[in-house]
Structure formats: C-alpha cells, structure tokens
Amino acid sequence: MAKDFSLMIHGGAGTFAKVRSDTDAAPYFNTIHATLEEGRRILAGGGTALDAVETCCALLEDDPLFNAGRGSVLNADGRVEMDAGIMDGATLAAGAVASVHHIARPIVLARLVMVRSDHVLLGGEGAMAFADACGMARVPDAYLITEAREREWRCARRAGDTLLPPAAEECGTVGAIARDCAGDLAAATSTGGVLNKAPGRIGDSPLIGAGVYADNATCAVSATGHGEDLMRTVLAKTIADLIELRGLDAAQAVAAGMAYLRRKVEGHGGVIVVDRIGRCAAGFTTPRLIHGWIECGGASQARI
Ligand code: ASP
C-alpha cells in the first residue's frame, strides 16, 4: 500500500439541480475520469504529488463546466475574480492568489507564488503584477466568461441575491489532492468564488488551513462550499488536526470534520481527504459533492 499513489479531485459542493439524469451527469463524469487518468499518468510515472495536483487542478480550471478558471462565476460588477491555493505536504511550503483576473489557470500562478516569491498569499493587483513579472499571459474576458455564467449572473442580479449555498444551484469550485509513490502529499484548490459576490470578496480556497492544506504527517485536504463557513471553522486544518491529535484515519476525520462544520456554524460544504498512507475519503453537508478518486493505484471512481 505504502508504495502506491492516491489521488482525489472534486468539482464543487452544492445542489447541482441541473444534473437530473445520467445524460446531464455524463460531461462531469467524463472530465472527472479524464482528469484522474492524467493524474495517474504523472503519479504512476514517479511524478510528484505537487505536479499531479497542479496539473489536475489546471485541467479542471480549463473546463467551463466548473467554477474556476474558464467558467468562473461573476461578481456583483459582472467581473471574474478568482482565488487559488496550493500546498506541499513535504515542506509545508504554500502559495496562493486572491482576487485575480484575466488568468487562465490561477493554480499555476499560486504555485509560482510558492516557488518564486518570499510570500504565501498575493492578492489583487499585486498578484497581477507578479503574474506579469513571471511572464504569465493575460487572457481576455471572452475566454473566462461563458454565456451560461452571464445568464446565471443576470438571473442573480434580478433576484438581488448573493447565491451562497444552500441557495446556490451550483458551486463548482475545483480541487485536487494526492499522495505520490514517495509518500509525499500535496493539495490544490481553485475557484471563481460565489456568484454575485461583492467585489474584493475572498473565500476560503486561497487561505491555507481553510480551503486547502497538506502535511505529510497527516493528510491532504481540499474544501468547497460556503467559504465564510469554511474560513470560520478553519476546516482543512481542523481535519488535519483531528488526524494528528486524535489518531483518526481519513474517513473518521472527514466524518468528524463534517460534524464540526454543522455543529459550529451550521455550515454548507464538503471536503476530499487523502491521509498519509493513501486512504481516500469525502464528505459533505450539501446535497451533492462532485468528486472522483484513485485509491492506492486502483481503478478511477467518480460520484456526484
Ligand atoms: N468555497 C468557495 C468560496 O466560497 C466556493 C465553492 O466552493 O463553491 O469561494
């Protein structure tokens, strides 16, 4: 078991009310399986957990079905503002960006913050200047903003709603976590945030310990859901602490973490967790969590 790799990905927590049949679910399953297989190629070939989670997260950012990168939801001004974070469980190095725009793959920028800056989190125009300095191309609104997201935004504006769970039909944040064959863990999370959010609002995804966390001693975690709930419960680190301090495995820690989220803030969210020996677990307090996994080199599995 210890020599195998494990990988989990998610495409967000919410009701996904539009997914009513196998036909509706097919595009999600296709992307989940294709992304897992790309991760398998990296990890089975001896690649690092960090490379696997960055690549898987970037592939999900490219898919407009999900609320990250291309297909991000729009804020109250009708603009895209994205957050992303990545963490290396071997060293506890981490990088994150908040409120970035015109970036195709914010997770790639988050990794650059980790490896090329002295900081963990860069936000707004400072993060954009860093992206320019790294030579990262800016993409036009036409690439990031899809017709479906514009329609949802117009609807939300009419309703005067910030579509936070449980009202949100779809959240669609993405995440990837892995344990590589060397036993190293990594986690990545990327999002467009919540529909019709206030400009400048930052969620849990780029906050180390809230929406993303990895430590070889315990687990890798990516969270999704109502960011304000996940921040107030520091959910990803809470789950790692449950493993470290109570000796729980991944499934037990997920169950305890979801109970904690409910008890403390009646929170809406979900997590995926890979523990230090590669066990995979997922849990959610929302109606659905789109996710998939490869446990210890086994077959790829997907669930909505
Ligand atoms: N957690 C994200 C945020 O609040 C949204 C989501 O997971 O769908 O920004």
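The structure under discussion appears in the preceding block.
A few words on unusual backbone geometry. One non-glycine residue, leucine 92, lies in the positive phi region at around 65°. Overall, the relative accessible area of 41% leaves leucine 92 in the partly exposed class.

This part is about the site of the ligand. Close contacts around the ligand come from Cys171, Thr173, Thr191, Gly193, Arg201, Gly203, Asp204, Thr224, Gly225 and Gly227, and that covers them all. One of the side-chain nitrogen or oxygen atoms of arginine 201 is found 2.7 Å away from an oxygen atom of the ligand. Across the complex, the protein chains shield 100% of the 270 Å² of accessible surface that the ligand would expose by itself.

Our focus in this paragraph is the nonpolar core. Grouped together as the largest cluster of nonpolar side chains are 54 residues, with contacts concentrated most on Ile86, Val100, Ile103, Ile107 and Leu109. Of all the elements, helix α2 (residues 49-62) adds the most residues to this core, at eight residues. Look past the residues within four positions of isoleucine 103 in its chain and what remains in contact with it is Met82, Leu109, Met128, Ala131, Met136, Ala137, Val139 and Leu144. Core analysis: the second largest hydrophobic core is formed by 36 residues, Ala223, Leu235, Leu242 and Leu289 among them.

Considering the arrangement of structural elements, one finds leucine 248 in the loop between α8 (235-246) and α9 (250-265). Excluding its chain neighbours within four sequence positions, the residues that come into contact with leucine 248 are Leu242, Ile243, Ala253 and Ala256.

Quick look at helix α4 (residues 124-133) now. Residues Gly124, Ala127, Met128, Phe130 and Ala131 constitute the buried set of α4. For α4, the angular spread of buried residues about the axis comes to 160°, placing them on one side. In this structure, α4 carries Glu125 and Ala133 as exposed residues pointing more than 90 degrees from its buried face. Backbone geometry just downstream of α4 places glycine 135 in the positive-phi region, at approximately 80°.

Below, the discussion takes up the packing of α8 against α9. α9 packs onto α8 with a crossing angle of 135° between their chain directions and a minimal axis gap of 9 Å. Put simply, α8 runs oblique to α9. Considering the relative orientation of α8 and α9, their crossing is right-handed. Mapping the contact onto sequence places Leu235, Thr238, Ile239, Leu242 and Ile243 in α8 and Ala253, Ala256, Gly257, Met258, Tyr260 and Leu261 in α9.

Quick look at the packing of α2 against helix α3 (residues 106-116) now. Two elements in contact, α2 and α3, have axes separated by 8 Å at closest approach and are oriented at 150°. The angle between α2 and α3 falls in the class roughly antiparallel. In this structure, α2 uses Leu50, Asp51, Glu54, Cys57, Ala58 and Glu61 to contact α3, whose residues at the interface are Pro106, Ile107, Val108, Arg111 and Met114. A per-class count over the contact of α2 with α3 returns seven nonpolar, no polar and four charged.

The subject of this paragraph is the pairing of strand β6 (residues 185-191). A large share of β6 lies buried, amounting to seven of its seven residues. Neither face of β6 is open: one carries Leu185, Ala187, Thr189 and Thr191, the other Ala186, Ala188 and Ser190, and all of them are buried. Relative to β6, strand β2 (residues 82-88) runs antiparallel, the two sharing six bridges. The residue of β6 that forms the bridge with aspartate 83 is threonine 191. Hairpin connection between strand β5 (residues 174-179) and β6: a loop of five residues separates the two successive antiparallel strands, and glycine 183 in this loop has a positive phi of roughly 90°.

Moving on to the side chain of serine 72. Structurally, serine 72 can be placed in the loop between α2 and β2. Taking relative accessible area as the criterion, serine 72 reaches 0% and is therefore assigned buried. Only 2.8 Å separates the side chain of serine 72 from the backbone oxygen of glycine 69, close enough to count as a polar contact. Leave out the neighbours within four places in its chain, and serine 72 touches Phe66, Asn67, Val80, Met82, Leu144, Arg149 and Gly192.

Here we come to the pattern of salt bridges. Two side chains carrying opposite charge are able to pair once their charged atoms lie near each other. Tallied over the full model, the rule gives 11 salt bridges. The partner of arginine 41 in a salt bridge is glutamate 38, and the shortest N-O contact between them spans 2.7 Å. In this pair, arginine 41 and glutamate 38 both sit in helix α1 (residues 22-44), three residues apart, roughly one turn of the helix. Taking the relative accessible area as the measure of exposure, glutamate 38 reaches 22% and is therefore partly exposed. Through salt bridges with shared partners, one network takes in Asp51, Glu54 and Arg111.

About the criteria used
Residues numbered from 1 in each chain as written. Predicted model: local features only at pLDDT ≥ 70, side-chain atom pairs only at ≥ 80, totals over all residues. Heavy atoms only, no water. Buried < 20%, exposed > 50% of the residue type's maximum accessible area, 1.4 Å probe, protein only. Near = heavy atom within 4 Å. Polar contact = N/O pair within 3.5 Å; in protein donor to acceptor, adjacent residues only side chain to side chain. Areas by Shrake-Rupley, 256 points an atom, 1.4 Å probe, with all protein chains shown as cover. Core = buried A, V, L, I, M, F, W, Y, C linked by side-chain atoms within 4.5 Å. Helix = DSSP H or I, 4+ residues; strand = E, 2+ residues; numbered from the N terminus. Contact = heavy atoms within 4.5 Å. Arc of directions from axis to C-beta. Axes fitted to C-alpha atoms, helices over the stretch in contact; angles between N-to-C directions. Parallel < 35°, antiparallel > 145°, perpendicular 65-115°, else oblique. Left-handed = near helix turned anticlockwise from the far one by under 90°. Nonpolar A, V, L, I, M, F, W, Y, C, P; charged D, E, K, R; others polar. Pairing = 2+ DSSP bridges. Salt bridge = Lys/Arg side-chain N within 4 Å of Asp/Glu carboxyl O.

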